[in-house]
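Spelled out from the first residue to the last, the chains are:
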Amino acid sequence: METLPQGFEVDRLLQVETNLDDATPETIGYVCERLREAGALDVWTAPIQMKKNRPAVLLALLCDPSQLAVCSEILFRESGAFGLRFHEVTRLKLRRDFVEVPTPHGTVTIKRGFQGDQLLQSVPEYEACKALARQSGVPLREIFDAAKQAALTVSLRDRAP
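Let me begin by describing the structure that accompanies this report. Small disclaimer: the values here were computed from a predicted structure and weren't measured. (Residues numbered from 1 in each chain as written. Predicted model: local features only at pLDDT ≥ 70, side-chain atom pairs only at ≥ 80, totals over all residues. Heavy atoms only, no water.)

Concerning the pairing of strand β5 (residues 95–103)
The side chains of a regular strand alternate between both faces of the sheet. Applied cut-off: Strands pair, by our definition, only if DSSP identifies at least two bridges between them. In DSSP terms, a helix is any run of H or I states spanning at least four residues, a strand is any run of E spanning at least two, and both are numbered starting from the N terminus.
Here β5 runs beside strand β6 (residues 106–115); their pairing, made up of nine bridges, is antiparallel. Looking at the pairing, Arg96 lines up with Gly113 of β6. Here β5 folds back onto β6 in antiparallel fashion, the turn holding two residues.

Laid out in structure tokens, this is it:
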């Protein structure tokens, strides 16, 4: 394996996949929700075409290896899957922290990503913005814009240890 870049975090996860050609959109949405609730770190779908030109959905997820049993159980019980594929993946990621920033509409949580001590990403958390938009009656996009502006004022010395 080639040398990984410095200043990032690395973890080992499982990528689990199944092809579904007989699941309804409602079922797929429900299964994705259940997988996230069970601890899957990410869940996604993509349209695919199976044998005999049948349209289908690829349902995939990333999870900690300790979550394979619970995620497999959900997929077999809830999706109609007859088989799963899984393999280990290496994930290179930014070190993350969360800070609260004041906006004219209320406080919003910002997720920040660092390579070493260098700030590379600063993104308002959707759920915090959504809750504030509902509470204040201000459009969600305005909450996001205000949070992004406020995030620019947060200095590196304010980051969590």
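A short note on the pairing of strand β1 (residues 9–20)
With nine bridges joining them, β1 and strand β4 (residues 85–93) adopt antiparallel strand pairing. Note on β4: the bridge partner recorded for Gln15 is His87. Sheet topology note: the β1/strand β3 (residues 55–63) ladder contains seven bridges and is antiparallel. By the bridge assignment, Asn19 is partnered in β3 with Leu58.

Examining the nonpolar core
As a reminder of what qualifies: Among the buried residues, those of types Ala, Val, Leu, Ile, Met, Phe, Trp, Tyr and Cys that are joined through side-chain atoms within 4.5 Å form a nonpolar core. When a residue's accessible area, from a 1.4 Å probe over protein chains only, is under 20% of the maximum for its type it is buried; when over 50% it is exposed; and in between it is partly exposed. In this description, contact between two residues means that some pair of their heavy atoms is separated by no more than 4.5 Å.
The biggest cluster of nonpolar side chains holds 18 residues, and the ones touching the most others in it are Val16, Leu35, Val43, Leu59, Leu61 and Leu75. Beyond its immediate stretch of four places on either side in the chain, Leu61 contacts Leu14, Gln15, Val16, Leu35, Ala40, Asp42, Val43, Trp44, Cys71 and Leu75. In this structure, Val99, Val108, Ile110 and Val138 belong to the second largest nonpolar core, which totals 14 residues.

A look at the environment of Arg96
For clarity, the cut-off: Two N or O atoms form a polar contact when they lie within 3.5 Å of each other; inside protein one atom must be a possible hydrogen donor and the other a possible acceptor, and for residues adjacent in sequence the pair counts only when both atoms belong to side chains.
With respect to the helices and strands, Arg96 occurs in strand β5. Overall, the relative accessible area of 44% leaves Arg96 in the partly exposed class. Considered as a pair, Arg96 and Leu132 are 36 residues apart in the sequence and their alpha carbons are 23 Å apart. For Arg96, the side chain forms a polar contact with the main-chain oxygen of Leu94, separated by 3.5 Å.

As for the side chain of Lys93
With respect to the secondary-structure elements, Lys93 resides in strand β4. A polar atom in the side chain of Lys93 sits 3.3 Å from the side chain of Asp11. Beyond its immediate chain neighbours, meaning those up to four positions away, Lys93 contacts Phe8, Glu9 and Asp11.

Here's the deal with helix α2 (residues 68–79)
What counts, and what does not: Each helix should span, by expectation, one fewer than its residue count multiplied by 1.5 Å. For this quantity, the arc is that covered by the directions from the helix axis to the C-beta atoms.
In this model, α2 (twelve residues) spans 16 Å end to end at C-alpha, consistent with the 16 Å of a helix rising 1.5 Å per residue. Of all the positions in α2, only Leu68, Cys71, Ser72, Ile74, Leu75 and Ser79 are classed as buried. Relative to the axis of α2, the buried residues are bounded by an arc of 160° and lie together on one face. Among the exposed residues of α2, those oriented more than 90 degrees off its buried face are Ala69 and Arg77. In the core, the buried residues of α2 are packed alongside β1, α1 (25–37), β3 and β4. A positive phi of about 85° marks Gly80, the residue just after α2.

Re a nonpolar patch on the surface
Here is the rule: Two distance rules govern patches: like charges are joined within 9 Å, and nonpolar side chains (Val, Leu, Ile, Met, Phe, Trp, Tyr) within 5 Å, applied only to residues with over 30% relative accessible area and no salt bridge. For every accessible area listed, the method is Shrake-Rupley and the probe measures 1.4 Å; residues are considered covered only by the protein chains on display. What makes a salt bridge here is a side-chain nitrogen of Lys or Arg within 4 Å of a carboxyl oxygen of Asp or Glu, nothing more.
Together, Leu4, Val10 and Leu92 make up a nonpolar patch on the protein surface, roughly 210 Å² of accessible area in all. Structurally, Leu4 is set in the segment before β1.

Points about the sheet that holds β3
Short version of the rule: Only C-alpha atoms enter the line fits that serve as axes; for helices the fit covers just the stretch in contact. Angles between N-to-C directions range over 0 to 180 degrees.
Here four strands make up an open sheet; going across it, the order is β2-β3-β1-β4 and the pairing antiparallel. The strands lining the two open edges of the sheet, one partner per strand, are β2 (42–49) and β4. For this sheet, the mean inter-axis angle between neighbouring strands, taken without regard to orientation, is 30°.

The quantities given are spatial measurements derived from coordinates; they are silent on function.
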